[in-house]
Amino acid sequence: MPPIHKVLILGPESTGKSTLAEDLSNHFKEPWVEEYAREYLEEIARPYVYEDLVEIGKGQMALEDQQTLESERLLFCDTDLRVIQVWSQYRFEKVDPWVLEEIQKRTYDLILLTDVDLPWAPDPQREYPELEMRQFFLDWYEKLAIESGFPWYKISGSREKRLKDSVNHIQKTIFGQKT
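Notes on the structure follow. This structure is a prediction, so every number in the text was calculated from the model and none was measured.

So, the environment of Q60
With respect to the helices and strands, the residue Q60 is situated in helix α3 (residues 50-70). Here the alpha-carbon distance between Q60 and I84, two residues 24 residues apart in the chain, equals 9.9 Å. When residues no more than four places from it in sequence are discounted, the contact partners of Q60 are V33, E34, E35, Y36, A37, D78 and T79.

The following block contains the structure:
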């Protein structure tokens, strides 16, 4: 069985991560890991607290592990524990050690960092529509992408351009094909 190559789609709120993950899944005919936080927050039906972030992280990693078993060669991850790390640090000024330890254990073949050049899409679960805050979080995620040591690219532009560029980066970085 060939190895499963994981592509992490990372970025601030409302930057097209889920759309890109689904588009890549459809293009490559491989599964994608949806964002567990949405389901979790709908179920608790209250504002989240610090302790919820670890539960969200564990649920996200369980989904990732489950979807890995369904993959033939690629898996697209709509977020990972870096999002938990950022929200935890920003909102509560601390990060659970489990989150930091698990980040070090998990590997990705490529990170696609989604830019803030898309219009804000209102959603009750989103918190920071201001462009300055979106850029603040993008800068933070970019720093984490660099620190990860994994290959990464910033993905910008229209939905079509994002998909085309992402496919090209996957073909080049993971499969060694010239684009």
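Looking at the environment of K105
Its location among the elements puts K105 in helix α5 (residues 97-105). Classification of K105 as exposed rests on a relative accessible area of 62%. The sequence separation of K105 and R134 amounts to 29 residues, and the corresponding C-alpha distance is 28 Å.

What about the packing of aromatic side chains?
Working definition: an aromatic ring pair is given by the centre-to-centre distance plus the angle between the planes. Counted by the stated rule, this structure contains 14 aromatic pairs. Consider the rings of Y90 and Y128, whose centres lie 5.7 Å apart with planes at 90°: the pair is edge-to-face. With Y90 in helix α4 (residues 81-92) and Y128 in the loop between β4 (110-114) and α6 (131-148), the pair connects residues that are 38 residues apart, well separated along the chain. Among the aromatic residues, those joined into a cluster by ring pairs are W87, Y90, Y128, F136, F137 and W140. The ring of W98 is capped by K58, whose NZ or CZ atom sits 5.6 Å from the centre of that ring. The cationic tip of K94 hangs over the ring face of Y50; the distance from NZ or CZ to the ring centre is 4.2 Å.

Some thoughts on the sheet that holds strand β1 (residues 5-10)
Taken in spatial order, the five strands of this open sheet run β2-β3-β1-β4-β5, and their pairing is parallel. Unpaired on one side and paired on the other, β2 (32-33) and β5 (152-155) mark the two borders of the sheet. Sheet topology note: the β4/β5 ladder contains four bridges and is parallel. The partner of L113 across the bridge, within β5, is K154.

Rules used in this analysis
Residues numbered from 1 in each chain as written. Predicted model: local features only at pLDDT ≥ 70, side-chain atom pairs only at ≥ 80, totals over all residues. Heavy atoms only, no water. Helix = DSSP H or I, 4+ residues; strand = E, 2+ residues; numbered from the N terminus. Contact = heavy atoms within 4.5 Å. Buried < 20%, exposed > 50% of the residue type's maximum accessible area, 1.4 Å probe, protein only. Phe/Tyr/Trp six-rings, centres within 6.5 Å; stacked < 30°, edge-to-face > 60°. Lys NZ or Arg CZ within 6 Å of the ring centre and 35° of its normal. Pairing = 2+ DSSP bridges.

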